[in-house]
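Residue-level structure breakdown
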There are 4 protein chains.
Amino acid sequence: MARRFRGFRVSYNSFGHSFRFSTWGESHGPAIGALIDGCPPGLKLSEADIQPFLDQRRPGQTRFTTQRQEPDQVRILAGVFEGRTTGTPISLMIDNVDQRSKDYAEVAKAYRPGHADYAYDAKYGFRDYRGGGRSSARETASRVAAGGVARLVVPEVSIVAHVIEIGGDRATAFDPAQIDRNPFFCADAEAAVRWETLVDEARKSGSSLGAVVECVATGVPAGWGAPLYHKLDAQLAAAMMSINAVKGVEIGDGFHAARLRGEDNADAMRPGEDGPEFLANHAGGIAGGISTGQPVVVRVAFKPTSSILTPVETIDRDGAAAEIATKGRHDPCVGIRGAPVVAAMMALCLADAKLMHRGQTGR
Amino acid sequence: MARRFRGFRVSYNSFGHSFRFSTWGESHGPAIGALIDGCPPGLKLSEADIQPFLDQRRPGQTRFTTQRQEPDQVRILAGVFEGRTTGTPISLMIDNVDQRSKDYAEVAKAYRPGHADYAYDAKYGFRDYRGGGRSSARETASRVAAGGVARLVVPEVSIVAHVIEIGGDRATAFDPAQIDRNPFFCADAEAAVRWETLVDEARKSGSSLGAVVECVATGVPAGWGAPLYHKLDAQLAAAMMSINAVKGVEIGDGFHAARLRGEDNADAMRPGEDGPEFLANHAGGIAGGISTGQPVVVRVAFKPTSSILTPVETIDRDGAAAEIATKGRHDPCVGIRGAPVVAAMMALCLADAKLMHRGQTGR
Amino acid sequence: MARRFRGFRVSYNSFGHSFRFSTWGESHGPAIGALIDGCPPGLKLSEADIQPFLDQRRPGQTRFTTQRQEPDQVRILAGVFEGRTTGTPISLMIDNVDQRSKDYAEVAKAYRPGHADYAYDAKYGFRDYRGGGRSSARETASRVAAGGVARLVVPEVSIVAHVIEIGGDRATAFDPAQIDRNPFFCADAEAAVRWETLVDEARKSGSSLGAVVECVATGVPAGWGAPLYHKLDAQLAAAMMSINAVKGVEIGDGFHAARLRGEDNADAMRPGEDGPEFLANHAGGIAGGISTGQPVVVRVAFKPTSSILTPVETIDRDGAAAEIATKGRHDPCVGIRGAPVVAAMMALCLADAKLMHRGQTGR
Amino acid sequence: MARRFRGFRVSYNSFGHSFRFSTWGESHGPAIGALIDGCPPGLKLSEADIQPFLDQRRPGQTRFTTQRQEPDQVRILAGVFEGRTTGTPISLMIDNVDQRSKDYAEVAKAYRPGHADYAYDAKYGFRDYRGGGRSSARETASRVAAGGVARLVVPEVSIVAHVIEIGGDRATAFDPAQIDRNPFFCADAEAAVRWETLVDEARKSGSSLGAVVECVATGVPAGWGAPLYHKLDAQLAAAMMSINAVKGVEIGDGFHAARLRGEDNADAMRPGEDGPEFLANHAGGIAGGISTGQPVVVRVAFKPTSSILTPVETIDRDGAAAEIATKGRHDPCVGIRGAPVVAAMMALCLADAKLMHRGQTGR
């Protein structure tokens, strides 16, 4: 393991330019947290503004998510005085409560295919194998907490994230009212019913399913996004791809746009109330990396959870052949709880883009 | 337009952490360029190492690309001494030669749907309308030049980018030898023939087509990529999405992975020569944001060129109704010349990831 | 104070490029902390490695420092597994215990001359007035904690910081053994005796004194420091000037060098064991922003504590005339406890410079 | 020299957060330049706004500076359209004209004491020895050019830099009108006369002198500077210390403040026209890292030019004993031309601080 002493192996855990956040913490450490820097002063902020978003992604609420029981109570340790942000760093902390490290004895020895186990060892020569350590989806709780603060920076924007596909079964209807009425953040009541069977089957057979999440932000004015390397779509792509299990990102028509002809893909404009009225939104609200005033539309592909009970061929830390079936508690479809995380990343990208553009809080 | 004086409207034109590059220049200004900072010292470098990549994306070579004639000769103005990099900033410059600004009289007044025209005005209250100014695909020449330097930082890696789909017509065969034998960077000789007809038809009818580019990097060792917000896949997603006309990015199986079951998506391992031998590469060579040693696979969706001769409904700068048909010289399928740009962004991301990980040049 | 809603007023609380740290927390909030990113993996680290440095700057130990009683017990919340750093973010937290916010009723209304009170209100339109909030010297405890980790990254370096002047009275002798034997971090036993009287007098008369701290780092190899805008001396200057009450920074001969002739200021070299043997060190171990292998020497000027019992003319938040005499508990000479803070900033700058240069941990 | 291939040896040539600039180029390369990113759009800008500042620092104008003849004509290559900034990167270029590389044959072999020669070799294993390459004071021309643009971002601020001391001889009078009437940027007519003799003597005897430059910025409103690690004074300290030959920086009373008592150092306030009227400015216009509305005062110490005709003991690249007397053309007192550079760095820091605070151009 001399390797571990040789390398530079820098890590980088901050995101954003003007509204920056950093996350810290391992799945089975004492706590996880987020540190926000660059938040404008004078915004009303308390734990109550953040908790509802954490509750959305909280595990253990239905049989379709991991059974790990985490209250995920957030505490604000700095940056707020008399109920308002002061413009100084906002420190958020969430205690880890329900760890079962013993579940991971096997993971300590062998690498779980599809997981970051092997890659982390290759990089750092050393890893906290308990629950995936830093590579655990548990880290996304820190993002959701930070996202709760970001939403206060963009009060003019409304963000909706919903699951549009699970295991290849696509939702067809879109009724926003449905999203909170089923365990799948699904806007299609009928699809939600089908997905219950689908996910149950996968869970019981020790398998897992992938999913696609769509996120729409309305109320974003024209002009947000900093060309050429802080383009709004580029930041969104990085933000979404940095979420565990994400393998694809689309803006607007995305890959489908590659199949359209120029005249069909053009979002024609005509004079509107204030600014142009667009006749279509193939672009997903972004042109040249800058928002156009239309809804910002992003779609994110989640692979099936890598932790499955089905035994898979692998190697152990000494490079010898092994077989592993992941015990411990896991989501049969990690994409489901991905929805609130995608919404949080959207909020974080928009807060940063707004401050880089307007330098204002919108009040 | 008092608006132009009020805003913060920051721009941000640098990319990378350890190996950083910045680009500058407008389509019809005197020149464009790239500034590279963080390049290791002692690397052999001359214009001849960069020019071949610029020649690949150079316009005006076939009837399938814009007829603008640009020699795109790169000059190294700093950072090299006695044929070797010194570790100081490398300044690259490319003169603009064949501008025809008069073509853009109309663009100055009305906004081209699908273009950044309206968004730039909304952001800056002011834009260089000649050929799209800073938002022009001409900027990608700077990226390709910087990419030529980046390749010297990762000599162990081989990067291949090819077009796998145009206007919805997918290539099926993969023969690397074919890529340079047709004007489409296509690895499928038969598809290349079909595409000639396809693109000709679009060009003649004043329309345009979209395309999908695939890029594969072999020889990337395990361990590159800095969790959690400089993940290799997140950086690649940002890099690709920042390219003009790109609307989607996939790593490995991408959106298809969302339709697989856990056991089908798992890249099982068995003991190999050095490190593990993987039985599949659904992950596209990246797990937990860190390279696994398998080939890194990215797919990028380009929308059809927004500049088309077909008249489209729009508004002018005063918000009045107008109609615009883009004259000037344009690519009927911007995705074709996107291939060398995608390859360059891959090289730039890998050079940065390598230095962040190894802090070494590989020599 | 509607102003508070209008501004961008970004804050920025991170320092360093490869070895980065951020601090958070207010003087009278629940806790303060530091977040370290980029620390190499595999380093042995526990609270015991950090606590001794915190104990050095801890208040309430002698009558020459503030009587606020803070145990300053540091907790490591993330980034360490089985006693070693993992390469992931290291989260450090210190609880605030002995707050007496009531002391600050007056400060809430009127601005203390020499303090950041007025400037913070002018910037943020809003401030946590309790003990100076974020602008309190209490924040330096976070730096000292982070510095404890930084020292592990540069084990080859030995750092000594000592007070060389208080209230204009200069120490003449230099006996390192003395530094820990008096309450002033003074290497001159006789000066320490004189300073007791000096500081006592100031304390009793409700006044305060300034001081000069010198910090020497030996064992720094040649080559650290990144030209041109991460020069080692420039980073040290920023680091030291960012400490509360600091008004001047010198490297090597500093201002005295401006009075020397070229031939007297030149550090001649002759062949040595390994590398050159220097005949002098006017440069303070840095040339062209890069370490030369000689001891790195920095001197830092601390102004007298601004909080004094002597009443001073000022204005209140409404702009009306007022007079203020700062009650609460304060250091009669803030420069004394500045010594461990200066040492910590030296360690933090060197750790960053080393990683930017060698990309290695020195093991 | 295998060393040159092994290292990470990152360089870092950018400065600023919201208003960022990067410089590039070597003393004897084809050109040098600056790239500015983050400049607000809509500002009137042409070469004529920049050239006067370059002319101030231009060499070869009097016998008191190097005889190298450089027209230092700046060209704007990007970021300006129809006479106004567009918000895109501003690329500035200055051709090198009067190189005499042959003068440096000796420097290629032996290290000049006090110069960066040895340090650069130790860092990069490789250096452009012609005129100091990247470490040459010639690089400061790029800073002055960038500073010319920065001044347009802070039109409300007036910046004056003048030399207050040469070779230990201090100026006593302050008559701004004098500054441009003598070759020393001296506000004291009598001192200027004395300095002629002083500098002539040093020049003729093949020696050199140090100097102290003072820079005052009036019109800076209260509130600029981003706590805690982008404090205005910390940024100024880094900016000034990054200038060639600088060894010390003071804000306000600087080191003298360490000798004052609290009541003497306090800048008392009383109600004024708008905001407070300060009764003194010991703080140099900055408290808690934030501007107070008073004049911002910085003093910078320049060591004597290291290039002297007097032979000095040194070693050559092979580590053997040698003696060197620097031929070539050099400033007998590099601090003199340091004044316009100090003023430029002040402008650059203030432009960045303003945008970070107001997110506005002030128009």
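Structural notes, computed from the coordinates.

**Thoughts on the pattern of salt bridges**
Applying the stated criterion across every chain yields a total of 107 salt bridges over all chains. A network of salt bridges, in which partner residues are shared, links Arg57, Arg68, Glu70, Asp72 and Arg138 of chain A.

**Considering the side chain of Asp352 of chain C**
Residues and elements named next belong to chain C. By the element assignment, Asp352 lies in helix α9 (residues 338-357). Although buried, Asp352 forms no salt bridge, and the nearest oppositely charged side chain, Arg20, lies 6.6 Å from it. Apart from the residues within four sequence positions on either side, Asp352 is in contact with Gly16, His17, Ser18, Phe19, His230 and Gln235.

**Here's the deal with the relation of the copies chain B and chain A**
Turning chain B through 180° and shifting it by 0.0 Å along the axis lays it on chain A, with an RMSD of 0.0 Å. The operation mapping one copy onto its partner corresponds to a two-fold rotation axis.

**Some thoughts on the pairing of strand β11 (residues 246-251) of chain B**
Of all six residues that make up β11 of chain B, six are buried, and the element is covered over most of its length. In terms of strand pairing, strand β11 (residues 246-251) of chain A meets β11 of chain B through three bridges, oriented antiparallel. From the neighbouring strand, Gly248 of chain A faces β11 of chain B, where its bridge partner is Glu250 of chain B. Direction of pairing for β11 of chain B relative to strand β16 (residues 296-302) of chain B: antiparallel, over a ladder of five bridges. In the strand pairing of β16 of chain B, Ile251 of chain B is matched with Val298 of chain B.

**Some remarks on the interface of chain B and chain A**
In many analyses, interface size is given as the accessible surface area lost on bringing the parts together. Each partner contributes residues to the interface: chain B has 108 residues there, and chain A has 109 residues. At the boundary of chain B with chain A, total buried surface from both sides reaches about 8,100 Å², with 62% on carbon and sulfur atoms. It is Tyr229, Lys247 and Met269 of chain B that lose the most area in chain B upon contact with chain A, and together they represent 11% of the buried surface on that side. Our enumeration of links across chain B and chain A arrives at six salt bridges. Residues Glu165 of chain A and Arg259 of chain B are paired through a salt bridge, measuring 2.6 Å at the closest nitrogen-oxygen approach. Inspection of the region where chain B meets chain A yields 47 residue pairs in polar contact (both at pLDDT 80 or more). Counting residues per element, the side of chain B that touches chain A draws most heavily on helix α4 (residues 117-124) of chain B, which supplies six residues.

**Examining the sheet that holds strand β4 (residues 74-78) of chain A**
All names here are of chain A. Strand order in the open sheet made by the five strands is β1-β2-β3-β7-β4, with antiparallel pairing throughout. Whereas interior strands pair on both sides, the edge strands pair on one side only; in this sheet they are β1 (14-15) and β4. As paired strands, β4 and strand β7 (residues 90-95) are joined by four bridges and run antiparallel to one another. By the bridge assignment, Ala78 is partnered in β7 with Ser91. Contacts between helix α2 (residues 47-57) and the sheet are confined to β4 and β7, with β4 contributing the most and set at about 140° to the helix. Running at roughly 35° to strand β3 (residues 31-37), helix α5 (residues 140-153) makes contact with β2 (20-25), β3, β4 and β7 of the sheet.

**Overview of the packing of helix α5 (residues 140-153) of chain B against helix α9 (residues 338-358) of chain B**
All names here are of chain B. Where α5 meets α9, the closest approach of the two axes is 8 Å, and the angle between their N-to-C directions is 45°. Our classification of the angle between α5 and α9 gives oblique. For the element pair α5 and α9, the recorded crossing hand is left-handed. Listed contacts from α9 to Thr140, Arg143, Val144, Ala146, Gly147, Ala150, Arg151 and Val153 of α5 are Pro340, Val341, Ala343, Ala344, Met345, Ala347, Leu348, Ala351, Lys354 and Leu355. Per-class residue counts for the contact of α5 with α9 are 13 nonpolar, two polar and three charged.

**Observations concerning the interface of chain C and chain D**
The interface is formed by 108 residues belonging to chain C together with 108 residues belonging to chain D. Here chain C and chain D share an interface that buries about 8,100 Å² over both sides, 62% of which is from carbon and sulfur atoms. Linking chain C with chain D are six salt bridges, by the criterion used here. Across the chain C-chain D interface, the total number found is 46 residue pairs in polar contact (both at pLDDT 80 or more). Looking at side-chain class alone, the side of chain C that touches chain D contains 56 nonpolar, 31 polar and 21 charged residues.

**Let's talk about the relation of the copies chain C and chain D**
In the superposition of chain C on chain D (RMSD 0.0 Å, axial shift 0.0 Å), the rotation amounts to 180°. Of the residues that chain C buries at the interface, 100% are likewise interface residues in chain D, meaning the two copies contact each other through the same surface.

**A look at the sheet that holds strand β7 (residues 90-95) of chain C**
All names here are of chain C. Here we have five strands laid out as an open sheet, ordered β1-β2-β3-β7-β4, and antiparallel in their pairing. Each of the sheet's edge strands pairs with one partner strand only, and the pair in question is β1 (14-15) and β4 (74-78). The pairing of strand β3 (residues 31-37) with β7 spans six bridges and is antiparallel. Pairing of Ala34 across the sheet is with Leu92, part of β7. Against the sheet, helix α5 (residues 140-153) makes contact with β2 (20-25), β3, β4 and β7, and its axis sits at roughly 35° relative to β3, the strand it touches most.

**Let's talk about the environment of Arg84 of chain D**
Position of Arg84 of chain D relative to the elements: it lies in strand β6 (residues 84-85). For the pair Arg84 of chain D and Ser46 of chain D, spaced 38 residues apart in sequence, the C-alpha separation works out to 8.0 Å.

**A short note on the environment of Ser306 of chain C**
Locating Ser306 of chain C in the fold gives a position in the loop between β16 (296-302) and β17 (312-315). Contacts of Ser306 of chain C, omitting those with residues within four sequence positions, involve Pro113, Gly114 and His115 of chain C.

**Quick notes on the packing of aromatic side chains**
To describe a pair of aromatic rings, you give the distance between the ring centres and the angle between the ring planes. On inspection of all chains with the given rule, the structure shows 38 aromatic pairs over all chains. Seen in terms of ring centroids, Phe64 of chain A and Phe184 of chain A are 4.9 Å apart; in terms of plane orientation they differ by 50°. Their pairing is tilted. Linking Phe64 of chain A in the loop between α2 and β4 with Phe184 of chain A in the loop between β9 (169-170) and α6 (189-204), this pair joins segments that are 120 residues apart in sequence. Taking the relative accessible area as the measure of exposure, Phe64 of chain A reaches 2% and is therefore buried. Plain terms: the ring middles of Tyr129 of chain A and Phe81 of chain C are 5.2 Å apart, the flat faces sit at 85° to each other, and that makes the pair edge-to-face. Taken together, the positions of Tyr129 of chain A in the loop between α4 (117-124) and α5 and Phe81 of chain C in strand β5 (residues 80-81) put the pair across two chains. Pairwise contacts between aromatic rings join Phe15 and Phe21 of chain A together with Tyr229 of chain B into one cluster. The ring of Tyr124 of chain C carries Lys123 of chain C above its face, with NZ or CZ at 5.8 Å from the centroid.

**Examining the pairing of β3 of chain C**
All names here are of chain C. Counting buried positions over the seven residues of β3 gives seven, a clear majority of the element. By the alternation rule, side chains of β3 split into Ala31, Gly33, Leu35 and Asp37 and Ile32, Ala34 and Ile36, which are all buried. Pairing of β2 with β3, which is carried by six bridges, proceeds in the antiparallel orientation. For Trp24, the partnering residue across the bridge sits in β3 and is Gly33. Once β2 ends, the chain turns through five residues before running back antiparallel as β3.

**Observations regarding unusual backbone geometry**
Most peptide bonds adopt trans geometry, and most residues besides glycine take a negative phi value. Residue Pro227 of chain A is joined to Leu228 of chain A through a cis peptide bond whose omega torsion reads -5°. Inspection of the secondary structure assignment puts Leu228 of chain A in the loop between β10 (211-218) and α7 (232-241). A positive phi angle, close to 50°, is found at Phe185 of chain C, a residue other than glycine. As for its placement among the helices and strands, Phe185 of chain C is situated in the loop between β9 (169-170) and α6 (189-204).

**Quick word on helix α6 (residues 189-204) of chain D**
All names here are of chain D. The terminal C-alpha atoms of α6 lie 23 Å apart, and with 16 residues this matches the ideal 22 Å at 1.5 Å per residue to within 8%. Taken residue by residue, α6 has Ala191, Ala192, Trp195, Val199, Asp200 and Ala202 as its buried positions. For α6, the elements touching its buried residues are β8 (158-166) and β9 (169-170). N-capping of α6 is provided by Asp188, with a side-chain oxygen placed 3.0 Å from the backbone N of Glu190. Phi for Gly206, located one or two positions after α6, is positive at around 65°.

So, how was this worked out
Sequence order as written defines residue numbering, which begins from 1 separately in each chain. Written order determines the labels here, with chains lettered from A and ligands numbered from 1. Reporting of local features is limited, given that this is a predicted model, to residues whose pLDDT is at least 70; pairs of side-chain atoms are given and counted only at 80 or more, and all residues count toward the totals for whole chains, interfaces and linings. Side-chain calculation: all heavy atoms of the structure are included, whereas hydrogens and water are not. When a carboxyl oxygen of Asp or Glu lies within 4 Å of a side-chain nitrogen of Lys or Arg, that pair is called a salt bridge. Runs of E in the DSSP output that reach at least two residues are strands. Runs of H or I that reach at least four are helices, and both are numbered from the N terminus. Only protein chains enter the calculation, and the probe is 1.4 Å; a residue is then buried if its accessible area is under 20% of its type maximum, exposed if over 50%, and partly exposed in between. Positive residues here are Lys and Arg, negative ones are Asp and Glu, while His and the chain termini are left out of the count. A contact between two residues is defined here by any heavy atoms of the two lying within 4.5 Å. Only residues with pLDDT of at least 70 in both copies contribute their C-alpha atoms to the least-squares superposition of the copies. The criterion for strand pairing is that DSSP finds at least two bridges linking the strands in question. Here's the idea: put two parts together, see how much 1.4 Å probe accessible area each one loses, and the total over both is what we call buried area. Polar contacts, as counted here, are pairs of nitrogen or oxygen atoms within 3.5 Å of one another; within protein the pair requires one atom able to donate a hydrogen and one able to accept it, and residues that are adjacent in sequence qualify only if both atoms are side-chain atoms. Lines fitted to the C-alpha atoms define the axes, with helices restricted to the stretch that makes contact. Angles between their N-to-C directions range from 0 to 180 degrees. Each angle is binned into one of four classes, with values under 35 degrees roughly parallel, values over 145 roughly antiparallel, values of 65 to 115 roughly perpendicular, and all other values oblique. Should the near helix be turned anticlockwise from the far one by less than a right angle, the crossing is left-handed, and should it be turned clockwise, the crossing is right-handed. Note on residue classes: Ala, Val, Leu, Ile, Met, Phe, Trp, Tyr, Cys and Pro are nonpolar, Asp, Glu, Lys and Arg are charged, and everything else, Gly too, is polar. Aromatic rings from Phe, Tyr and Trp, taking only the six-membered ring of Trp, are treated as a pair when their centres fall within 6.5 Å; an angle between ring planes under 30 degrees marks them as stacked, one over 60 as edge-to-face, and anything in between as tilted. We count a charge as sitting over a ring when the NZ of a lysine or the CZ of an arginine lies within 6 Å of the ring centre and within 35 degrees of the ring normal. By this rule the span expected of a helix is its residue count minus one, scaled by 1.5 Å.

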